[in-house]
Structures are given as structure tokens and as C-alpha cells.
Amino acid sequence: MSNQTSRRDVLRGSLALAGLGALGIPEWVLPALAQGETPVPFTDIPDNVRWETPPDRRLLDVRTIDGPFTPKDKFATTQHYGHPVVDPAAFRLKVSGLVERPKSLSLDELKKIGTTDLVAGFECSGNRGPIQGLCGNGRWTGVPLKGVLDAAGVKPAEREFVFLGADHGAEEIGWATQKFKLDQQFGRSLNREQALSGTPFLAWALNGEPLTRHQGSPLRLIVPGWYGVANVKWLAQIHIQEDAYLGKYQARWYRTLRGEMIDGEMKWKESAVTQMQLKSFVARVTKDGSRYKVLGVVLNDGTPLKSVEVKVDDGPWQPATLDPATNGKYSWKLFTYAWNGATPGEHTLVSRVTDTTGKVQPTEQDLETKKSFLEHNSQSPRKIMIS
């Protein structure tokens, strides 16, 4: 973005599609670069980072965040079985299994159940520093999942709600000494309480436009406050069953292994990747004359926040200011910190967030017994050089 780009230019561009005015967000809260404000490069970005990534494996360059919502052509994407092409006109969402009234619903029929908007941000569970680019925040248009399930009529015996995408691929499944090659759909599941809570959402639009192919067109699941793997794209079928769902990306992948000392002995616990862990990171540092400003991001499960703080080098933690444009329960939260008295040389900046339950974003040392790279939410120091 040019240094001369104004906030009004930003609104006139892609963010205007996000309906900021309809949400009551004034121009002045946008974190776009002001006139005369220039970015200060990070010195800890690996040389091999490719910012010009293809749309099927896109990274968000968090240094370019310029508003509450991530434009469709910047929103991070990832996949396991490719990006299928599904014709929206021929699309039908199947609702099957333990329901009173099995359904095959077109987009128009889904819209008649009740169209609404949801602001939600999320990250891939593999997102981590220093890049932090597997994330985004959007205004999703769709229908609450519960409305669709109520229309189908759920039965008392149902326990597991399985969400299957149109994406699929060959997998080798091992059982004892036998191996089988099967064609597998991508799938994830929610339990009864989660599925019927009124929070999960079926979305057909992002920031006022139909979903792109790479964002899951024509329909995707959004589970607010959960890591991206739960947000099944190209949603084709909801199958309701009594038995636990044991698909590859539910039962064998997306697990975290942590150690815990119990009675002086290390015990290991494996847990599923579900709700996002409390996290913040520094996304950008800018300079305007002798003044420096830090922009950062908070991602979490929707629990209200108590504070966000920034520390420079070995100095004390200082309070940062949360952006009022991103105060939705499931939105990502943007924050700024005015850094006064910056001196020439290399500096380290780090943020931490605390929620209202008293949970504090952990340090790297706090997570030393965590054995997988998933759910990596530690404080993430960033380095810059001031000349």
C-alpha cells in the first residue's frame, strides 16, 4: 500500500464490500497507514518466505492488515485434498442419518431458513511465528446450523454430527497387519451439544460476496472460536449418527501431545484440536518522524479480554489499546501501542494477552512439554532495527 493511500481510498476499495458503514464502524478506527507513516522492516523474517503464494495455499502478509476484515484475495487458505469446483446452481446440501426428515437443500432453500451475518476470525492450528500468516477475519453471510438441523428434526439418539466436504482423495488405512486403499472425503464432527448450541454457522458469502472456490464455494461450515480445521469447506453433507466419527483428520491428525507433572511423574495427554488457544502477536511496526506505532492481533475462542500488553526489549509490560472496530465476540481483535522514546539499534517487541478468566498467553518456556507444533500460542518476539 502506498504511503499516500488514504483511509477513504481503503474504504472505496475492497473493504467497502465488507459493509463497514452498515456495521457502524467509522473510518478513523481503521489501522491503514496514515500519510507520512512508513513500515519498519522486521529483521527476523526467513529469507525463503514466499509472499506471492498461489490461491490454494495463501498466506496473509499480516504487515498489510488495513482494516477489520481480510479481503477475499488475501484471506489465508489451505487444504488436504485439493480445491474442488462445485456448481452453485446444481448444489444440494444433504442432511442424512438420524433425522426425522432427511434433506437435500439448494442454496435458495437454505437462504429461506434465515439469512444473517456473523463476524468471525480464525487461524490454522499450525499458524505460528514469525510469519503468523495462516489467519484472517471476515463477515460471513449464511444461516445458523441449528436452523437447518431443526428443519431436519434431530432424533434423541444422535450424538455425532459429521460434516463432509466435497474434497476427497486416496488414503491408505491400516488395521492390525492389513492395509486398505480407500477414497476418503475430508470430514470433521461436532458433538450434540456443540452442534445444537446455535453457534456453528453455514456460510455462503464472505465480506458481502459469494465464497470463492478457494474459500469453500458454495457453502462452508464456520465454528466460531475454533481453529480453521473445524470450518469444513465445500460442505456437501451433514450426517448424524450415534457412533463417534473416526475419520483421518478427526481421529488421527490434528491432535496435540502435552506433558503434565502429576505426583512427580510426567504424564502425557493427547487432545483434539478444537477451540483456539489465547494468542496475540505483533503484526507491524511503523514510523512517523520520531514516533513509532505497533499494530498487533489477538485470536481466541471468544472469551472476553481483560488486557493486551506490549514489551520492548527488557522493559516493563505496557498497556496496548484495543481497536473498537474489532470488538465482536468472535472477531479477531486488533490492538495498537504507541512506542515513545525509541533509540537506534536492534530491538525486540513482544505482546501478551490476558482474558477475563485470568488466563495469560504463555511463554515459549511454558509450552516446553508440548510436543506438536499445532496450537502454538506462545508469546512471539519480533525484531526490528532502528537506524
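Above this note sits the structure.
Residues numbered from 1 in each chain as written. Predicted model: local features only at pLDDT ≥ 70, side-chain atom pairs only at ≥ 80, totals over all residues. Heavy atoms only, no water.

Across its full length, the protein chain holds five helices and 21 strands. Here the C-alpha radius of gyration of the protein chain, 22 Å, is about what a compact globule of 387 residues would show, namely 21 Å. Across the 387 residues that make up the protein chain, the buried fraction comes to 49%. Residue pairs at least 24 apart in sequence account for 70% of intrachain contacts in the protein chain once pairs closer than 6 positions are excluded. A total of about 18,300 Å² of accessible surface is found on the protein chain, and carbon and sulfur atoms cover 50% of it. Across the protein chain, the centroid of the 48 positively charged side chains sits 3 Å from that of the 43 negatively charged ones. (Helix = DSSP H or I, 4+ residues; strand = E, 2+ residues; numbered from the N terminus. Rg over C-alpha atoms; globule rule 2.2 N^0.38 Å. Buried < 20%, exposed > 50% of the residue type's maximum accessible area, 1.4 Å probe, protein only. Contact = heavy atoms within 4.5 Å. Areas by Shrake-Rupley, 256 points an atom, 1.4 Å probe, with all protein chains shown as cover. Lys, Arg positive; Asp, Glu negative; His and termini not counted. Charge placed at Lys NZ, Arg CZ, Asp CG, Glu CD.)

Quick look at the side chain of S106 now. Assignment of secondary structure puts S106 in the loop between strand 3 (103-105) and helix 2 (107-113). Residue S106 is classed as buried on the basis of its relative accessible area, which comes to 12%. The contacts of S106, once residues within four sequence positions are left out, are F91 and R92.

Regarding helix 3 (residues 145-152), the residues found buried are L145, V148, L149 and A152. In an axial view of helix 3, the angular spread of the buried residues amounts to 95°, which keeps them on one side of the axis. Directly after helix 3, the chain includes G153, whose backbone phi takes a positive value near 80°. (Arc of directions from axis to C-beta.)

This brings us to the sheet that holds strand 17 (residues 318-319). Across the sheet, which stays open at both edges, the four strands sit in the order 17-16-20-21 with antiparallel pairing between neighbours. If you trace the sheet from one side to the other, it starts and ends with strand 17 and strand 21 (382-386), each paired once. (Pairing = 2+ DSSP bridges.)

Scanning the entire structure with this criterion turns up 14 salt bridges. As a salt-bridge pair, E375 and R258 come within 3.8 Å of each other at their nearest N and O atoms. With E375 in the loop between strand 20 (345-355) and strand 21 and R258 in strand 12 (residues 255-262), the pair connects residues that are 117 residues apart, well separated along the chain. R258 sits in the partly exposed class, given a relative accessible area of 26%. (Salt bridge = Lys/Arg side-chain N within 4 Å of Asp/Glu carboxyl O.)

Across the sheet, five strands lie side by side as 1-14-15-19-18; this open sheet has antiparallel pairing. The strands lining the two open edges of the sheet, one partner per strand, are strand 1 (38-39) and strand 18 (321-322). Bridge count for strand 1 against strand 14 (residues 279-288) is two bridges, and the pairing is antiparallel. Paired with T38 across the bridge in strand 14 is K287.

Honestly, that's just the spatial picture; any functional story needs more than this.
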